[in-house]
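Chain by chain, the residues:
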Amino acid sequence: MPDFLLELRSEEIPARMQAKARSNLEKLFTERLAEAGVNAASIETYATPRRLALIARGLPAETEAKREERRGPREDAPDKAVEGFLRGAGLSRDQLEVREEKKGRFYFAVIETPGRKTADILADAIPAIVRAFPWPKSMRWGEASRTMDALRWVRPLQGIVALLDGAVVPCEVGGITSGRATVGHRFMSEGEVQIASADDYADKLRAARVIVDAAERQAIILEGAKAACANAGLTLIEDEGLLAENAGLTEWPVPLLGRFDEAFLEVPPEVIQLAMKTHQKYFSVAAPPPTPADAGATSPGAGGGSEAVPSAPAFAGEAAERSHEPAPAKAGGGGGLSLTNAFVCTANIEAADGGAQIMEGNRKVLAARLSDARFFWEQDLKTGLDAMAEKLGEIVFHEKLGTIADKVERVAKLARWLVEEGIVPGADADEAERAARLAKADLVSQMVYEFPELQGIMGGYYAAQAGEDPEVAAAIRDHYKPVGQNDDVPTAPVTVAVSLADKLDTLASFFAATEQPTGSRDPQALRRSALSSIRLLTDGVMRLSLAQATERILLSSVPRKREGYGFEVDTEMYLQFVVLMSGGGFGAGIDNKAAVQLHANQVSQELLAFFADRLKVQQREAGVRHDLIDAVFALGGEDDIVRLLARVKALQAFMEGPDGPALLTGYKRANNILKAEAKKGYLPPGVTLDVIPANGHPSKPASMGPKAGTHAVTGEVEDGRQGNGVGPNLRQDDRLGHRFGYTPEPAEAALAEALDQAIPAARTAVAEERFADAMSALAGLRAPVDAFFDAVTVNDDDAEKRANRLGLLARLRDAAHEVADFSKIEG
């Protein structure tokens, strides 16, 4: 079966677009051929800066002829119906057949599609693929660009190679005709390269100094860079993204090791690395960590001598047992590496002088970049963080939330509160507040303006240089962490306090301002902030009430006056701010302090539900069932993430054993019976469907109908007899012994006794956060529940027995609700 080669040659394709372009080429090619009934056995795609190529192997020489029959309308159908059928079939009336069937005479169309040569199909498909190609950015060029329907490509398209089984597939698009001629390397190859077939494509181009496989180019760069560094006694700092970019910039990569002035090492290493990577696409190089035998020795230079490697400014003491090396570079899987004044660039040519002139030119360009970076560093040090912080009031954080200075004020107060309340143990409240007030200051620094990726990092350096406490400097540097799911979670107490305060303030403020995420839209990255907050709380095992924290944030949310924004200075007028955040104007309706609390409560509930969704996402990877998280949240009143997860994990362990599923079955059976009775509009005296869990947050009560005879508070029925104690709201179940006015069935009495023991035991265990013990208390109900349903008729003809037994079912339901809402559990 023949193979097909397609090469689309153009001016330089941006490196960042090449991988996606390969995927799009395969997708478009597969779809176009599938429409014609052609499928390839396999497809390979390639990309270099100057070409996009595809090889489809195992194509058929031609498609098979097809015969299709379609039944149309009846013979006596209206003409319009017949004409519509003819249009769909592509036939005329005299080409139709009339066949007799049980239901009458019908028109039939017999459509015969002859086979087509694959070459003809490809000739039609290639122009369509080129014109439909979805480049992120494309251009028109030449005289034809005067019209809007001109060919568009990422850069001017220069040639098309289209070969099927070695023969040219003739086609034309935008004035460019297909052939078998391509070109090799721009500098190391001359003249055209004639491709015979798909089989010799890669080899012919390799001979012309072009490596078409991006993975091979990456391997060449990585191996060559490592070897060059090893020969100089250095270590390459690997970067997968930079490696892919270098491969996308070269067709014949040649890694070269160069040097820059050691004086630039006075600048923080992150700045040097980012300047080289962002502007020049260079790899950074580090000195291997010293061995015990040669500790303190200098690293050898490229010329055989030795070079002293200055140490970068460092932070000391994130915690008592940890030091604060700023963002240690990772190289070859090792840690503790210090940046050197070496770099690796990737040339696109084998130079006669071994690359000496190339490296000299690169060294000069890099020196200019690093000179700029050193200037920014020196100027920012002269300015200082305190002076930078004063400028934050000139930057709007959000139109509803004031300036960055307003946010800093809220975060500082919350960070101090987190420490003073013992939520973040081991931190100093003054240090936490100081770090919070300086954490955003570097946003106005010249360095962060040039390299936004260094926000926080530079603030940490500036703080350390200014003599701030090491804990403060570390908190400024790391307060954005954790940024992603794989990012390290801070452990230093001051850092944790500032980081958590910053994220909680962002969440609460935007929720208060009705700027919650909608669908896939999350411009403020609130989902990420919630996940980061959860990781901080759970990794640090910190006990925090989200509702209490939200209230504190909102009650300190009044921004200072800023010209043009209409904010007034009045710490007592939070109400006005509520109106402003909600989109209203000053003096618009709210005028009592109760509304403040109401608004805070509303925001807390919305934020808690948001956290529940994020928690399910985060815990899914840990194997925690989302329905169990829902079951605990459904009880209400649980806004401590650490306690909630402990409760969920205990519940999951219970449900994975034999007792959990059995109790769930009994619970659902009891709940269904109670729902059925409520739906009839009648429940016997002593039974209520009101469920008020021990935490005091009632769920929505079911309708009991006019015949319900229980007073929810006293538990007394209307005839004066004592009720049966059917829920925590009655608290009758705290008493030992369930009262019967008749001789109960043994299974009935056994369930009553088991409930008398299980409910108070489970409630006490939950209150003391012994969740495994609470599950054990419920586990004791399994056998009595099974025996009850096997031996006892709930809806007995005797009204008193019926009432007592329904009461037992209500108590069973409420016993389960001591730990979770079992109605939310799947299974």
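In this text, all values refer to a predicted model and were calculated from it rather than measured experimentally.

(A) Up close: the overall build of the chain. Looking only at helices and strands, one finds 26 helices and 23 strands in the chain. Summing over all exposed atoms, the chain offers an accessible surface of approximately 38,200 Å²; the carbon and sulfur share of this is 50%.

(B) Here's a closer look at the environment of A427. As for its position among the elements, A427 is in the loop between α10 (404–420) and α11 (429–438). Judged by its relative accessible area of 18%, A427 falls in the buried class. Separated by 68 residues in the primary sequence, A427 and T495 have C-alpha atoms spaced 8.7 Å apart. What A427 contacts, discounting residues up to four positions off in sequence, is V419, P493 and V494.

(C) Representation of helix α26 (residues 799–816). The terminal C-alpha atoms of α26 lie 26 Å apart, and with 18 residues this matches the ideal 26 Å at 1.5 Å per residue to within 8%. By the criterion of burial, α26 is predominantly enclosed, with 15 of the 18 residues buried. Measuring from the backbone nitrogen of E800 back to the side-chain oxygen at the start of α26 gives 2.8 Å, which picks out D798 as the cap.

(D) Here's a closer look at the packing of α10 against helix α15 (residues 493–512). For the pair α10 and α15, interaxial distance at closest approach is 8 Å and the crossing angle is 125 degrees. Considering the angle they form, α10 stands oblique to α15. Regarding α10 and α15, the two cross each other, and that crossing is right-handed. On the side of α10, the interface is formed by K407, R410, V411, L414, A415, L418 and V419, while α15 contributes A497, V498, L500, A501, D502, L504, D505, T506 and S509. In terms of residue class, the contact of α10 with α15 is made up of ten nonpolar, two polar and four charged.

(E) Layout of the sheet that holds strand β4 (residues 66–74). With antiparallel pairing, three strands are arranged side by side in an open sheet as β4-β6-β5. Looking along the sheet, the strands with just one partner apiece sit at the ends: β4 and β5 (97–101). Taking each pair of neighbouring strands and ignoring which way they run, the sheet shows an average axis angle of 35 degrees. Sheet topology places β4 next to strand β6 (residues 104–113); seven bridges connect them, and they run antiparallel. Bridge pairing in β6 places R70 opposite A109. Strands β4 and β6 of the sheet are contacted by helix α2 (residues 79–89), whose axis makes an angle of about 170 degrees with β4.

(F) Spotlight on the environment of G741. Secondary-structure assignment places G741 in the loop between α22 (659–679) and α23 (746–767). For G741, a relative accessible area of 58% corresponds to the exposed category. Residues G741 and K801 lie 60 residues apart in sequence; the distance between their C-alpha atoms is 8.6 Å. Residues contacting G741, with those up to four places away along its chain left out, are E800 and N804.

(G) Highlighting the environment of K407. Mapped onto the fold, K407 is located in helix α10. The class for K407 is buried, based on a relative accessible area of 4%. A sequence separation of 146 residues divides K407 from I553, and the C-alpha atoms of the two residues are 9.9 Å apart. Beyond its immediate sequence surroundings of up to four residues, K407 is in contact with F397, K440, D502, D505 and T506.

(H) Quick peek at helix α1 (residues 15–35). For α1, which comprises 21 residues, the first-to-last C-alpha distance of 31 Å matches the rise-based estimate of 30 Å (1.5 Å per residue) to within 8%. When we look at burial in α1, the residues that qualify are A15, M17, Q18, A21, N24, L25, L28, F29 and L33. Where the residues of α1 are buried, they touch β1 (4–10), β2 (42–48), β3 (51–57), α3 (118–132), α5 (214–231) and α6 (240–249). G37 sits one or two positions beyond α1 and adopts a positive phi of about 80 degrees.

(I) Structural view of the pattern of salt bridges. Tallying each qualifying case throughout the model produces 55 salt bridges. Taking the shortest distance from any N to any O, the salt bridge between E638 and R647 comes out at 3.6 Å. Considered together, E638 and R647 belong to a single accessibility category, that of buried residues. Linking E818 and R763 is a salt bridge whose minimum nitrogen-to-oxygen distance equals 3.0 Å. Of this pair, E818 sits in the segment after α26 while R763 sits in helix α23, and the two are 55 residues apart along the sequence.

(J) Main features of the confidence of the model for the chain. Looking at the chain as a whole, its pLDDT mean stands at 82, while 82% of the residues score no less than 70. Counting contacts from residues 582–592, a segment whose pLDDT is below 50, to residues more than four positions away or on other chains yields 15 contacts. Taken together, the stretch residues 690–737 has pLDDT below 50 and engages in 106 contacts with residues farther than four places along the chain or on a different chain.

(K) Examining the packing of aromatic side chains more closely. If you walk through the whole model with that rule in mind, you get twelve aromatic pairs. Centroid distance F397 to F510: 5.5 Å. Interplanar angle 55 degrees. Geometry classified as tilted. Taken together, the residues F397 in strand β22 (residues 396–398) and F510 in helix α15 connect sequence positions 113 residues apart. Judged by relative accessible area, which is 24%, F397 ranks as partly exposed. Ring centres 5.1 Å apart and planes at 55 degrees place the aromatic pair F511 and F610 in the tilted group. Taken together, the positions of F511 in helix α15 and F610 in helix α19 (residues 593–620) put the pair 99 residues apart, joining distant regions of the chain. In this structure an aromatic cluster arises from ring pairing among F133, W135 and W153. A cation sits over an aromatic face here: R71 above F106, 4.3 Å from the ring centre.

What counts and how
Residues numbered from 1 in each chain as written. Predicted model: local features only at pLDDT ≥ 70, side-chain atom pairs only at ≥ 80, totals over all residues. Heavy atoms only, no water. Helix = DSSP H or I, 4+ residues; strand = E, 2+ residues; numbered from the N terminus. Areas by Shrake-Rupley, 256 points an atom, 1.4 Å probe, with all protein chains shown as cover. Buried < 20%, exposed > 50% of the residue type's maximum accessible area, 1.4 Å probe, protein only. Contact = heavy atoms within 4.5 Å. Expected span 1.5 Å × (residues − 1). Polar contact = N/O pair within 3.5 Å; in protein donor to acceptor, adjacent residues only side chain to side chain. Axes fitted to C-alpha atoms, helices over the stretch in contact; angles between N-to-C directions. Parallel < 35°, antiparallel > 145°, perpendicular 65-115°, else oblique. Left-handed = near helix turned anticlockwise from the far one by under 90°. Nonpolar A, V, L, I, M, F, W, Y, C, P; charged D, E, K, R; others polar. Pairing = 2+ DSSP bridges. Salt bridge = Lys/Arg side-chain N within 4 Å of Asp/Glu carboxyl O. pLDDT = per-residue confidence, 0-100. Phe/Tyr/Trp six-rings, centres within 6.5 Å; stacked < 30°, edge-to-face > 60°. Lys NZ or Arg CZ within 6 Å of the ring centre and 35° of its normal.

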